[in-house]
Amino acid sequence: MARHATKITRKTHRDTATRTEHDCIGTFEVPAKAYWGIHTARAMENFQVSNIPDSTHPQLIKAYATIKKACATANEELGLIPGVQAGAIRQACMEIENGRWMDQFPVDVFQGGAGTSTNMNVNEVIANRALELAGHKKGDYEFIHPNDDVNKSQSTNDTYPAACRLALIDVLGPLAQSTDKLARAFHRLADRHINDVTVGRTQLQDAVPMTYGQEFHAFASFLKSDIAAFEALVPRLAVVNLGATAIGTGICANPEFRASAVRHLAQMTGLPITAAPDPVAAVTDMSVYVAVSSAVKNLAIHLKKAADDLRLLNSGPNAGFNDINVPARQAGSSIMPGKVNPVVPECVNQCVFSIFGMDTTVQWAAAEGQLQLNAFDPVIIHALLSGMELISRAMDVFREECVNGITINAEIGRHYAESTPSIAASLNEALGYEDAMTIAKEAEESGRTVREVAGERTRIPAAKLDELLDPIALSRRLGQTCRERTDRSGRGRDGRR
């Protein structure tokens, strides 16, 4: 069947030149200067819902260009596309990879069709830019066609998920970096307070002594586990289904295309790209999206834990814990002079709540696939990319505007550590639980310390009592300080010095 060239016309409406393109529904007037075509134009009319265009996520657009570049190279290698056309397609893809033409991707992120509108938008922009590069006019689809050339051996259902996966890998890098920077900030804070004692609390009740360093170090340890979870996602995200086309059976694709496209994509990205072992299953398998969402949600839970704890420890100054001081960033009340609120941890909390919403969206969308396709990849990738970028920025603000400026009230902390009745637990071995409990109860009722009451009620020598009730010693029974443990080379367990 002969290809159809696009008719170039000039319209008088606002002196805007247009070209007439056609599809299975009919014809449409497209701005002559636009790189997108009729399929994009229809999507722009159909999905006017959020006013958030695909270009809001440049990682997705750039990843899609990389997918198309690998596919063009595979098609050329197999003799399916002439070298001139393939070369022009690759050059157009590289321009998009470098950030050009982002204004040519206007389709709403909330779109029906399982990403078909985005795929066609990408096909049209690449085809029309490739035409220009080859010395042809936009719309001269007899030379380079969006479907027959740019989309050769492909379908939305194998290329769109592949682009989503590459985009997620791209965003995981900055997310892990922000997480690492925040972890390091907590490490530095912990190192400054390795010998400053306070009281641990369980169920919001006094427990036993610990150091401020240990308390801050725990936040860093949470974040390190999140980084490890992100790193483990990369090989899973690198599994793509190129060449599987519509439902995983490979219709309209050369049988050799799959291996060629995967090989070229791996070479171009430097990632451990592999082909999905079961192409039909891979079309509907949303599990890696669920895994990414769960990892980000777990990070959010850790951030909420840190933000909540810092707010509690900062509470006061007269009617709260008053253990620490978060930096004062702005006036906290329009009516109470001098009141200052922990606004940065509160901001972090709200970002965390949004991540919980992101996870709910992903879970529902991942569970709504029917038969041979899940149509809801667009909302999944929008939710994930938006959430991951939000939480990255939240961590940067948390680190710069809060954690780096935290100070402690060392005297208050030491008073808490020495006066808590629960410190009597260290007397269990010497006196037994019943006698230790009696001492703790008397200390609490009299307002004296366990050390004072034990000095009066027992025959334990003073030096031994001081040893048994030393809050620093009690906080390090397992050898913990707060510093990263190092090997003989001076490197920590994560390879840092």
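What you see is a predicted model; the values in this text were computed from it and never measured. (Residues numbered from 1 in each chain as written. Predicted model: local features only at pLDDT ≥ 70, side-chain atom pairs only at ≥ 80, totals over all residues. Heavy atoms only, no water.)

Asker: Describe the overall build of the chain, listing the residues and the values that go with them.
Answerer: A count of helical and extended segments in the chain gives 18 helices and nine strands. Seen through its C-alpha atoms, the chain measures out along the principal axes to roughly 105 × 55 × 40 Å. Out of the 497 residues in the chain, the part that is buried amounts to 48%. A fraction of 71% describes how many contacts in the chain between residues 6 or more apart in sequence connect residues 24 or more apart. When the accessible surface of the chain is split by element, carbon and sulfur atoms take 52% of a total near 23,300 Å². Positive and negative side-chain charges in the chain, numbering 51 and 57 respectively, have mean positions lying 4 Å apart. (Helix = DSSP H or I, 4+ residues; strand = E, 2+ residues; numbered from the N terminus. Buried < 20%, exposed > 50% of the residue type's maximum accessible area, 1.4 Å probe, protein only. Contact = heavy atoms within 4.5 Å. Areas by Shrake-Rupley, 256 points an atom, 1.4 Å probe, with all protein chains shown as cover. Lys, Arg positive; Asp, Glu negative; His and termini not counted. Charge placed at Lys NZ, Arg CZ, Asp CG, Glu CD.)

Asker: Go over helix H8 (residues 257–269) with me, naming the residues and quoting the values.
Answerer: In this model H8 runs 18 Å from its N-terminal to its C-terminal C-alpha over 13 residues, within 8% of the 18 Å that 1.5 Å per residue would give. Those residues of H8 lying buried are Phe257, Arg258, Ser260, Ala261, Val262, His264, Leu265 and Ala266. Looking at the buried side of H8, the elements it contacts are helix H2 (58–77), helix H6 (156–191), strand S6 (239–240), strand S7 (274–275) and helix H9 (279–284). Just downstream of H8 lies Gly270, where phi reads positive at about 70°. (Expected span 1.5 Å × (residues − 1).)

Asker: Account for the side chain of Ser426, with residues named and values stated.
Answerer: Here Ser426 shows up in the loop between helix H13 (410–419) and helix H14 (428–431). From its side chain, Ser426 meets the backbone oxygen of Ile423 in a polar contact 2.8 Å long. Residues in contact with Ser426, not counting those within four places in the same chain, are Leu468, Leu469 and Leu474. (Polar contact = N/O pair within 3.5 Å; in protein donor to acceptor, adjacent residues only side chain to side chain.)

Asker: For the environment of Ala443, give the residues involved together with the corresponding values.
Answerer: The residue Ala443 is located in helix H15 (residues 433–446) in this model. Between the C-alpha atom of Ala443 and that of Ala454, which follows or precedes it by eleven residues, the distance is 8.9 Å. Once residues lying within four places of it in the same chain are set aside, the contact partners of Ala443 are Arg448, Thr449, Val450 and Val453.

Asker: Quick rundown of the pattern of salt bridges? Include the residues and the values.
Answerer: The tally for this structure, following the rule as stated, stands at 24 salt bridges. A salt bridge links Arg42 to Asp23, with the shortest nitrogen-to-oxygen separation between them at 2.5 Å. Here Asp23 lies in the loop between strand S2 (17–22) and strand S3 (27–31) and Arg42 lies in helix H1 (residues 38–46), a separation of 19 residues in the sequence. Per residue, the accessibility class of Arg42 equals that of Asp23, and both read buried. When the shortest N-O distance is used, the salt bridge between Lys305 and Asp309 registers 2.8 Å. Taken together, the residues Lys305 and Asp309, both in helix H10 (residues 287–314) and four residues apart, mark about one turn of the helix. By relative accessible area, Asp309 is classed as buried at 16%. Within this structure, Glu95, Arg100, Arg129, Glu132 and Lys138 form a network of salt bridges that share partners. (Salt bridge = Lys/Arg side-chain N within 4 Å of Asp/Glu carboxyl O.)

Asker: Let's hear about the pairing of strand S5 (residues 205–211): which residues, and what values?
Answerer: In this sheet, S5 lies alongside strand S4 (residues 197–202) in antiparallel orientation, the contact comprising five bridges. Bridging from a neighbouring strand, Thr202 pairs with Gln205 of S5. Here S4 hands over to S5 after two residues, with Gln203 in that stretch at a positive phi of 55°. (Pairing = 2+ DSSP bridges.)

Asker: Talk me through the nonpolar core; I want residue IDs and the actual numbers.
Answerer: Grouped together as the largest cluster of nonpolar side chains are 106 residues, with contacts concentrated most on Phe186, Phe216, Leu303 and Phe398. Beyond its immediate sequence surroundings of up to four residues, Leu303 is in contact with Leu182, Leu223, Val348, Val352, Ile391, Met395 and Phe398. (Core = buried A, V, L, I, M, F, W, Y, C linked by side-chain atoms within 4.5 Å.)

Asker: Let's hear about the environment of Val362: which residues, and what values?
Answerer: Counting through the fold element by element, Val362 comes out in helix H11 (residues 343–366). Classification of Val362 by relative accessible area gives buried; the value is 0%. Along the primary structure Val362 and Ala383 are separated by 21 residues, whereas in three dimensions their C-alpha atoms are 7.1 Å apart. Other than its neighbours up to four places away in sequence, Val362 contacts Tyr289, Val290, Ser293, Ile380, Ala383 and Leu384.

Asker: Could you give an account of empty space enclosed by the protein, with specific residues and numbers?
Answerer: Counting across every chain of the model gives one cavity of 30 Å³ or more. There is about 40 Å³ of room inside the largest cavity. Forming the boundary of the largest cavity are Ala114, Thr156, Asn157, Tyr160, Pro161, Val283, Met286, Leu373, Asn374 and Asp377. When residues in the lining of the largest cavity are grouped by element, the largest group, four residues, is from H6. (1 Å grid on protein atoms, 1.4 Å probe; cavity = no way out; pocket = protein on both sides within 12 Å on 5 of 7 lines; lining within 4 Å. Points joined across faces, edges and corners; volume = space filled by probe spheres on them.)

Asker: Can you lay out the packing of H15 against helix H16 (residues 450–457) for me, pointing to particular residues and giving the numbers?
Answerer: Close contact between H15 and H16 brings their axes to 9 Å; oriented N to C, the two are set at 125°. As judged from the angle between their axes, H15 and H16 are oblique. By crossing handedness, the relation of H15 to H16 is classed as right-handed. Across the interface between the two elements, Ile439, Glu442, Ala443 and Ser446 of H15 pack against Val450, Val453, Ala454 and Arg457 of H16. (Axes fitted to C-alpha atoms, helices over the stretch in contact; angles between N-to-C directions. Parallel < 35°, antiparallel > 145°, perpendicular 65-115°, else oblique. Left-handed = near helix turned anticlockwise from the far one by under 90°.)

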